[in-house]
Amino acid sequence: MTPATATGTAPVLAVRDLEFGYADAPPVFRGLELEVPTGGVLAVLGPNGGGKTTLLRLLAGSLAPKRGRVLVDGEPVRPGRRGAADLRRRVQLVFQDPDDQLFSASVRQDVSFGPVNQGLDRREAAERVDGALAALGLEGLADRPVHLLSYGQRKRVALAGALAMRPSVLVLDEPTAGLDPMGVEAMLETLDGLRAGGATLVVSTHDVDLAYRWAERVALIDHGLLAEGAARRVLADRDLLSAARLRPAWGPAVERTLRKAGLLAEGEEPPSTPEELAALLR
Ligand SMILES: Nc1ncnc2c1ncn2[C@@H]1O[C@H](COP(=O)(O)OP(=O)(O)OP(=O)(O)O)[C@@H](O)[C@H]1O
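The name given to the chain in an unreviewed UniProt entry is ABC transporter ATP-binding protein, with the source organism recorded as Nocardiopsis endophytica. Of the chain, the UniProt comment under Subcellular location (unreviewed entry) reads exactly: "Cell membrane". What UniProt states about the chain under its Sequence similarities (unreviewed entry) heading is, verbatim, "Belongs to the ABC transporter superfamily."

As structure tokens, this is what we get:
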């Protein structure tokens, strides 16, 4: 991953004047401008069909823009297959459904696929695979057949495979979708660990409350960028949420109520879990 850098430095990824549409359909994006700050979590929110997956795939080089550019570390991605392959290596996409990503017989084989295919020597590849398995708590499952794992475990294996590529940016399509509440918290804890290590994460979600409590920045999209900025500001704006066809979050309403009741001082962070809220009200 990139070394630890503070949010607010030059963007690690940017799109400029980007246009993309699927065959025989109106463009999903036209003139799209977006920057992904280095370090921290950018959550991409929008309604069903709004273009979240399409944007993530454009950022990760698995779709090519019809017009405009993607820049990594300020450098435009070269046109053509080699440019796209370079982008895919530096920006790793983790699909929403792990079964779209996993195809090897065992967990270790699957996580090894990227590093081995990249031509790394065996020792370096094994080191990366061991590191990724450890980061995801999968050491005990390394030799298990992938198809015998639970959905949540398969999601972790897919993430480990991306991590083993040591990308500059991890792009995760709905990483918490389909997980039970404990699975969601475990996934967030893992992603928090990566963030603390300096990773840049781009995460799509429909969950406004999750983005409010967890992401530093958000991009609201619905066939174009509606707003981008600090999660606490954008997601407290009911008009913006309504324009993005999203329901208001509980978080901002709770925060407003606590401040009005004098239970939260100026500059004090609002609670981000039910337990923290309960402690504040005790
Ligand atoms: N392979 C494809 N071929 C044609 N149209 C597509 C394809 N994939 C997506 N679309 C269309 O592009 C638009 C954006 O879809 P996309 O999957 O990016 O939205 P999304 O925000 O990720 O949706 P969801 O929240 O339902 O996953 C939609 O109108 C969708 O029907």
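Structure shown, so let's carry the discussion forward.
K.L.:
How would you sum up the sheet that holds strand β5 (residues 75-76)? Please name residues and give values.
P.N.:
Pairing is antiparallel across the open sheet formed by four strands, whose spatial order is β2-β1-β4-β5. Every other strand in the sheet has two partners, leaving β2 (29-36) and β5 as the edge strands with one partner each. In this structure, strand β1 (residues 13-20) lies alongside strand β4 (residues 67-72), joined through five bridges in antiparallel fashion. Pairing of Leu13 across the sheet is with Val72, part of β4. Contacting β1 and β4, helix α1 (residues 52-59) crosses the sheet at an angle of about 120 degrees to β1.

K.L.:
Break down the site of the ligand for me, with residues and values.
P.N.:
Every residue close to the ligand is listed here: Tyr22, Ala25, Val28, Gly46, Asn48, Gly49, Gly50, Gly51, Lys52, Thr53 and Thr54. Split by residue class, the shell around the ligand holds three nonpolar, seven polar and one charged.

K.L.:
A description of α1 should follow, citing residues and the corresponding values.
P.N.:
Since the α-helix packs 3.6 residues into each turn, any two residues three or four apart lie on the same face. Within α1 the residues assigned to the buried category are Lys52, Leu55, Leu56, Leu58 and Leu59. Relative to the axis of α1, the buried residues are bounded by an arc of 160 degrees and lie together on one face. One or two residues past the end of α1 sits Gly61, with phi positive at roughly 80 degrees.

Calculation criteria
- Residues numbered from 1 in each chain as written.
- Predicted model: local features only at pLDDT ≥ 70, side-chain atom pairs only at ≥ 80, totals over all residues.
- UniProt positions renumbered as here; feature names shortened; annotations may be inferred.
- Pairing = 2+ DSSP bridges.
- Helix = DSSP H or I, 4+ residues; strand = E, 2+ residues; numbered from the N terminus.
- Contact = placed C-beta atoms within 7 Å.
- Axes fitted to C-alpha atoms, helices over the stretch in contact; angles between N-to-C directions.
- Near = placed C-beta within 6 Å.
- Nonpolar A, V, L, I, M, F, W, Y, C, P; charged D, E, K, R; others polar.
- Buried ≥ 20, exposed ≤ 12 C-beta atoms within 10 Å, placed from the backbone.
- Arc of directions from axis to C-beta.

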